[in-house]
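So you can see what is in the structure, the chains are spelled out below.
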Amino acid sequence: MRKVLPLFLAFLVMACQGPEPRKPVKVKSGSFIKESVERNRKLLAEEEERILRVIENDSLKEYTSTSEGSWYAYDLKNEVSDYTPQTDDLVRFTYTLLTLDNDTIYTPVEIGLQTYKVDKQELFPGLRNSIKLMKEGETATFLFPSSLGYGYLGDKNKIGVNVPLKAVITVLEIEKETENETP
């Protein structure tokens, strides 16, 4: 019995230890994220190159780049007003969506008259940023890389995956947000 007791105590001590965590079979290095970032950088560079070729071939318009990564040129400019839409203003506008090769994707008739409360409703990023640059009565042509359009998902209808877009936008009316004052 004396020989069995130390063996039993050793077994009891070992059995009371907590479970040891398992080691992962594969160690992930984050290479998928790095590859994805590199793929997106390459895609953006290719799309920007295409957009710059479109600009170069359109000698009738003078394009300006935006800080968000799109380019635009005025088709009709409002020289009288200097007011651009601010947060909570209501903007009524129409637009056409085209490919960079000028193939029509959506016409203003298909899209219809849009009423947009600035910064409070969902629009694709390029359109949301563009509206804030325009004044009432202006028409402008915008060129967007796919990241400012419908991106890697498309619109699940006519716009495919990673399609850069051209949009011709007309701002019809800007209704300024008025503060409701209580007496």
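As shown above, the structure is provided for reference.
Residues numbered from 1 in each chain as written. Predicted model: local features only at pLDDT ≥ 70, side-chain atom pairs only at ≥ 80, totals over all residues. Heavy atoms only, no water.

**Student:** I would appreciate a short explanation of the side chain of D89 in the present structure.
**Tutor:** Relative to the helices and strands, D89 is located in the loop between β2 (71–76) and β3 (90–98). The charged side chain of D89 is buried without a salt bridge, its nearest counter-charge being K176 at 7.3 Å. Separated by 3.0 Å, the side chain of D89 and the backbone nitrogen of Q86 make a polar contact. Discounting residues that sit within four places of it in the chain, D89 has contacts with Y83, Y116, K117, V118, I174, E175, K176 and E177. (Helix = DSSP H or I, 4+ residues; strand = E, 2+ residues; numbered from the N terminus. Buried < 20%, exposed > 50% of the residue type's maximum accessible area, 1.4 Å probe, protein only. Lys, Arg positive; Asp, Glu negative; His and termini not counted. Salt bridge = Lys/Arg side-chain N within 4 Å of Asp/Glu carboxyl O. Polar contact = N/O pair within 3.5 Å; in protein donor to acceptor, adjacent residues only side chain to side chain. Contact = heavy atoms within 4.5 Å.)

**Student:** Is there a simple way to think about the packing of aromatic side chains in this case?
**Tutor:** Both the distance between ring centres and the angle between the ring planes are used here to describe each pair of aromatic rings. Considering all chains together, one arrives at six aromatic pairs under this definition. The interplanar angle of 90° and the centroid separation of 5.5 Å between the aromatic rings of Y72 and Y74 together place this pair among those described as edge-to-face. Using a relative accessible area of 13% as the deciding quantity, one classes Y72 as buried. We classify Y74 as partly exposed; its relative accessible area is 25%. (Phe/Tyr/Trp six-rings, centres within 6.5 Å; stacked < 30°, edge-to-face > 60°.)

**Student:** I tried to follow the nonpolar core on my own but got confused; where do I start?
**Tutor:** Looking at soluble globular proteins, one finds that nonpolar side chains tend to be buried together. Core analysis: the largest hydrophobic core is formed by 25 residues, its most contacted members being F93, Y95, L97, L127 and I169. Looking at this core element by element, the count peaks at five residues for strand β7 (residues 165–175). Setting aside anything within four residues of it in sequence, one finds F93 in contact with G112, L113, Q114, Y116, L123, L127, I131, I169, T170, V171 and L172. Ranked by size, the runner-up nonpolar core spans eight residues in total, among them I51, V54, I55 and W71. (Core = buried A, V, L, I, M, F, W, Y, C linked by side-chain atoms within 4.5 Å.)

**Student:** Is there a simple way to think about helix α2 (residues 31–57) in this case?
**Tutor:** Owing to its 3.6 residues per turn, the α-helix aligns residues three or four sequence positions apart on the same side. Along its 27 residues, α2 runs 39 Å from first to last C-alpha, staying within 8% of the 39 Å computed at 1.5 Å per residue. Restricting attention to buried positions, one finds in α2 the residues E47, I51, V54 and I55. Packing partners of the buried residues in α2 comprise β2, β6 (139–144) and β7. (Expected span 1.5 Å × (residues − 1).)

**Student:** Would you take a moment to explain unusual backbone geometry for this structure?
**Tutor:** Excluding glycine, a negative phi dihedral is what most residues carry, and trans is how most peptide bonds are arranged. The backbone of D119 sits at a positive phi, close to 65°, despite the residue not being glycine. When you line up the elements, D119 lands in the loop between β5 (114–117) and α4 (125–131). Given a relative accessible area of 33%, D119 falls into the partly exposed group.

**Student:** Can you help me understand the pairing of β7 in this one?
**Tutor:** A regular strand carries its side chains on alternate faces of the sheet. Examined bridge by bridge, β3 and β7 share nine bridges and lie antiparallel to one another. The partner of L90 across the bridge, within β7, is E175. One ladder, built from six bridges, connects β6 with β7; its direction is antiparallel. By the bridge assignment for β7, L143 is matched with K166. (Pairing = 2+ DSSP bridges.)

**Student:** Would you mind showing me how to read the pattern of salt bridges here?
**Tutor:** Across all of its chains, the model carries eight salt bridges by this definition. Two residues, R53 and E49, come together in a salt bridge whose shortest N-O distance is 3.7 Å. On the criterion of helical spacing, the pair formed by R53 and E49 is a turn pair, its members being four residues apart in helix α2. Of the residues examined, R53 reaches a relative accessible area of 44% and is grouped as partly exposed. Here E173 ties to R92 by a salt bridge, and the two come within 3.5 Å at their closest N and O atoms.

**Student:** Sorry, what's going on with the environment of D88 here?
**Tutor:** Within the secondary structure, D88 sits in the loop between β2 and β3. Taking the relative accessible area as the measure of exposure, D88 reaches 23% and is therefore partly exposed. When residues no more than four places from it in sequence are discounted, the contact partners of D88 are K117, V118, K120 and E177.

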